[in-house]
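# Chains, contacts and geometry: an overview
Each chain, written out:
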Amino acid sequence: MSRYFHVIAAVLWKDVRTELRTKEVFTSMVVFAALALLIFNFAFELRIPNKSLVVPGILWVTVAFAGVLGLGRAFIAEKDKGSLAGLLLAPVDRSAVYFGKMLANLIFILVVEILILPLITVFFNVPLITLPLLLILLLGTIGFAAVGTIFSALAVNTRAREVLLPVLLFPVLLPVLVAGIRTTIGLLEGDPLSDHLNWLQLIAFFDLLYLVVAFLTFDYVVEE
Amino acid sequence: MKMSRALAILNGITVVAVPFAIYMALVQAPDAINIVPEIRPAQRIIYFHVPSAWTSMLAFLVTFVSSILYLRTNKLRWDIWARCAAEIGIAFTLAAIISGSIWAKPAWNTWWTWDPRLTTYTIVLLLYVAYFMLRSAIDEPGRRARFASVYGVFAFLSVPITFMSIRWWKTIHPVILDPTADFGLGPGMTVAFIIGNITFTILFVTLMANRVRLEWLSERVAALHDALVEGDTLADWQGEGVSPLASPQA
Amino acid sequence: MSEPLIQVRGLRKAFGRHRVLRGIDLDIPAGASFVLFGPNGAGKTTFLRILATLSRPTSGQVRVAGVEIGDNPEGIRQYLGLVSHAPLLYDDLSAAENLRFYARLYGIPDAEARIKEMLERVGLYHRRRDLVRTFSRGMVQRMAIARALLHNPPILLLDEPDTGLDPQAAEMMTGLLRELGGSERTIVMTTHHLERGLEIADRIAILSGGTLVFDAAASGLSYKDLRPLYDRYVGTGVA
């Protein structure tokens, strides 16, 4: 069993190490997110009647789109260089490879969020960096990375490749996105987190569900 | 290949049941009394709209279960079931959206509104459109079936959300199946409503049986071709309980 | 004689309706150097991928040391090393980092010593800090062999390891394989290069159109004998 966690850690370490060296995926995610924010800002300029209604959408849409950009790359490098086989040869259950990749994606997206939250705060002058909001964002991102990682492995083995990923991903993530946006709206309007515990539970429930289903099905995605 | 007796009977029942349900809905059911007279005819959409929506959910449930069975057994027939049910589910989803839209025009004075129920239901439609996009982007049949099954499982996870959406947050969409709501149906209306739902379920089963048979026949053609050219069939290879060569039924 | 290490019975693999392997029966005894010849598209890679548990057979049995591979793929993988067309290395990691990563995947004890040993044996220890990106094709392939043998697997699978190598590098690799293979390790290699294959083989087979058309001991078999055989089986399109 400890072997299983070693493989998760090794895959995570490998992805982070490679990314730190190339910064390819990360840079494009951050630049994309910043651009999206600027364009949103431009689109809503001076015409925002109620910021707390608009900013949650901007936050989640930016995270989702920047995230899908990064997720698309998660398996493409492995696939193109053929190195995926090397991971699949590890003498453990293949779900360990999934969890390693999923954690790496989760970290990348979280770092992007950490960078754009102050930007949104400055651009739109709303207090986004609060503990309840970070909690919701973390939970939502876990669900996003959980589904995104396995769908990235699906998409890379199709003719359409990463073009297909958002089409597959966003409708499936509907519960998490809806709950995340609703809660963020509530929090920005000054509700305490306890008013939105049912949404919070919904996201946590779906996170768990996604992880379990991905754990059970990842083998079918990578084996021929 | 002759149609099996059971399928012929099923087709017969459906041919009788559908006109009967239409008669019940349009003629037999009384007018709704608690709404303004102008939209009373439109109210009868409920006998088609709700059964369509219910049947679409049933179809997606069949896709979900068949997908799991495919992953567990690797048997071709479950992939056929999954994709046929998804296809029919999309058709009923469209029927529900279009009929709802026709009702919304007189009732809400708009064809479309960004109500949570409408929005989530439309996203369910997109889920299964994506299901077929995924299928069409994969050439190798085994992988196509495997990937589609994985997606079929994930897709269904968010289907119940549409069901709950009208209960969880403020929506203008009426809740029919709720005894506490004042939108309740009168006795005559309830009969037509139940008959409508039963008929649509039968219609679904009939469409499914015919669609699966058609797909199975087309697999059979492929198997016959294999048997002629290669001397054996892939079903023989896999030791499938039922080879397309041996039987017309999936 | 005891049970062969690798035992294949009625192995078939189809991708959809495209049949790649049409029933393979094969025994490979422990310690053998088995070379599988065949033209492109004969199913050699598919065969090796099934042995490596990367691909699932459509039907038939594959047993390694008496265990059906589908029953315990995780356990079997511990006994396998694979050198494929792709080096299975990461361009943006250094030579040592690549091996360190694989050492973790296999849970190798005292990994640093083993990594040093393997890098020295393939003559790349002095380049251990360099990114694999900067390596020549021949060096990458030597790294791939070091990677495949890192966990000292009793079975080494090689899928056309000489593809894309210049003759000199290919010669060097064959020498390396002979040296590293030893007498204990079982080698299963595919190639369409008859001469190079014969150099390490003590047993050969020819795969054509998804079936084995020739299967014999390699002792006493020279290139001159094999060439016409191969051409007859493969060239005339015997399926």
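Heads up: the structure comes first, above all this text.
A short tour of the structure in this document, coming up. (Residues numbered from 1 in each chain as written. Chains lettered and ligands numbered in written order. Predicted model: local features only at pLDDT ≥ 70, side-chain atom pairs only at ≥ 80, totals over all residues.)

Before going further, it helps to spend a moment on the sheet that holds strand S9 (residues 203-208) of chain C. Residues and elements named next belong to chain C. Within the open sheet, the six strands sit side by side as S6-S7-S8-S3-S9-S10. Their pairing is mixed. Two strands bound the open sheet, and with one partner strand each, they are strand S6 (80-83) and strand S10 (211-217). The average angle at which neighbouring strand axes cross in this sheet is 15°, direction not considered. Sheet topology places S6 next to strand S7 (residues 155-159); four bridges connect them, and they run parallel. Residue pairing for S7: Val83 is matched across the bridge by Leu158. Against the sheet, helix H1 (residues 44-51) touches strand S3 (33-37), S7, strand S8 (186-191) and S9, its axis set at about 155° to S8. (Pairing = 2+ DSSP bridges. Helix = DSSP H or I, 4+ residues; strand = E, 2+ residues; numbered from the N terminus. Axes fitted to C-alpha atoms, helices over the stretch in contact; angles between N-to-C directions. Contact = placed C-beta atoms within 7 Å.)

Time to look at the pairing of S10 of chain C. All names here are of chain C. Note that S9 and S10 share six bridges and pair antiparallel. Bridge pairing in S10 links Arg203 to Ala217. Taken together, S9 and the strand that follows it, S10, pair antiparallel across an intervening segment of two residues, in which Gly209 is found at a positive phi of about 60°.

With that out of the way, let us pick up the interface of chain A and chain B. Each side of the interface is counted separately: chain A has 18 residues, and chain B has 21 residues. Along the lines of polarity and charge, the residues of the side of chain A that touches chain B split into 14 nonpolar, three polar and one charged. (Nonpolar A, V, L, I, M, F, W, Y, C, P; charged D, E, K, R; others polar.)

In this section: the environment of Leu194 of chain C. Residues and elements named next belong to chain C. By the element assignment, Leu194 lies in helix H7 (residues 194-200). For Leu194, a count of 19 C-beta atoms within 10 Å puts it in the partly exposed group. Residues Leu194 and Ser84 lie 110 residues apart in sequence; the distance between their C-alpha atoms is 18 Å. When neighbours within four sequence positions are excluded, Leu194 is seen to be in contact with Phe37, Tyr223, Leu226, Arg227 and Tyr230. (Buried ≥ 20, exposed ≤ 12 C-beta atoms within 10 Å, placed from the backbone.)

With 22 residues of chain A in contact, the opposing surface of chain C contributes 24 residues. Of all the secondary structure elements, the ones that give two or more residues to the side of chain A that touches chain C are helix H1 (2-22) and helix H5 (84-88) of chain A. Counting residues per element, the side of chain A that touches chain C draws most heavily on H1 of chain A, which supplies nine residues. Within the side of chain A that touches chain C, the residues separate by chemical class into eight nonpolar, six polar and eight charged.

Residues and elements named next belong to chain C. Read across the open sheet, the four strands follow the order S2-S1-S4-S5; overall the sheet is antiparallel. Both outer strands of the open sheet, strand S2 (18-28) and strand S5 (67-68), are each paired with one neighbouring strand and no more. As judged from the eight bridges shared by strand S1 (residues 6-15) and S2, these two strands associate in the antiparallel manner. Following the sheet pairing, Ile6 is matched in S2 by Ile28.

All names here are of chain C. Its location among the elements puts Pro39 in the loop between S3 and H1. C-alpha of Pro39 to C-alpha of Val234: the two residues are 195 residues apart in sequence and 7.2 Å apart in space. The contact partners of Pro39, leaving out residues within four places of it in the chain, are His192, Ser208 and Val234.

One finds Val147, Leu154 and Leu168 of chain A, Tyr151 of chain B together with Leu157 of chain C to be the most contacted residues of the largest nonpolar core, which totals 211 residues. With 15 residues, the top contributor of residues to this core is helix H4 (residues 76-108) of chain B. Beyond its immediate sequence surroundings of up to four residues, Tyr151 of chain B is in contact with Leu154 and Leu168 of chain A together with Tyr131 and Leu134 of chain B. (Core = buried A, V, L, I, M, F, W, Y, C linked by C-beta atoms within 7 Å.)

With that out of the way, let us pick up the pairing of S8 of chain C. Residue and element names in this part refer to chain C. Burial of S8 is extensive: six of the six residues sit out of reach of the surface. On S8, burial covers both faces: Thr186, Val188 and Thr190 on one face and Ile187, Met189 and Thr191 on the other are all buried. Across five bridges, the pairing between S3 and S8 is parallel. Across the sheet, the residue bridging to Val35 is Met189, located in S8. Note: S7 against S8, five bridges, orientation parallel. From the neighbouring strand, Leu157 faces S8, where its bridge partner is Val188.

These results come straight from atomic positions and should not be treated as a statement about function.
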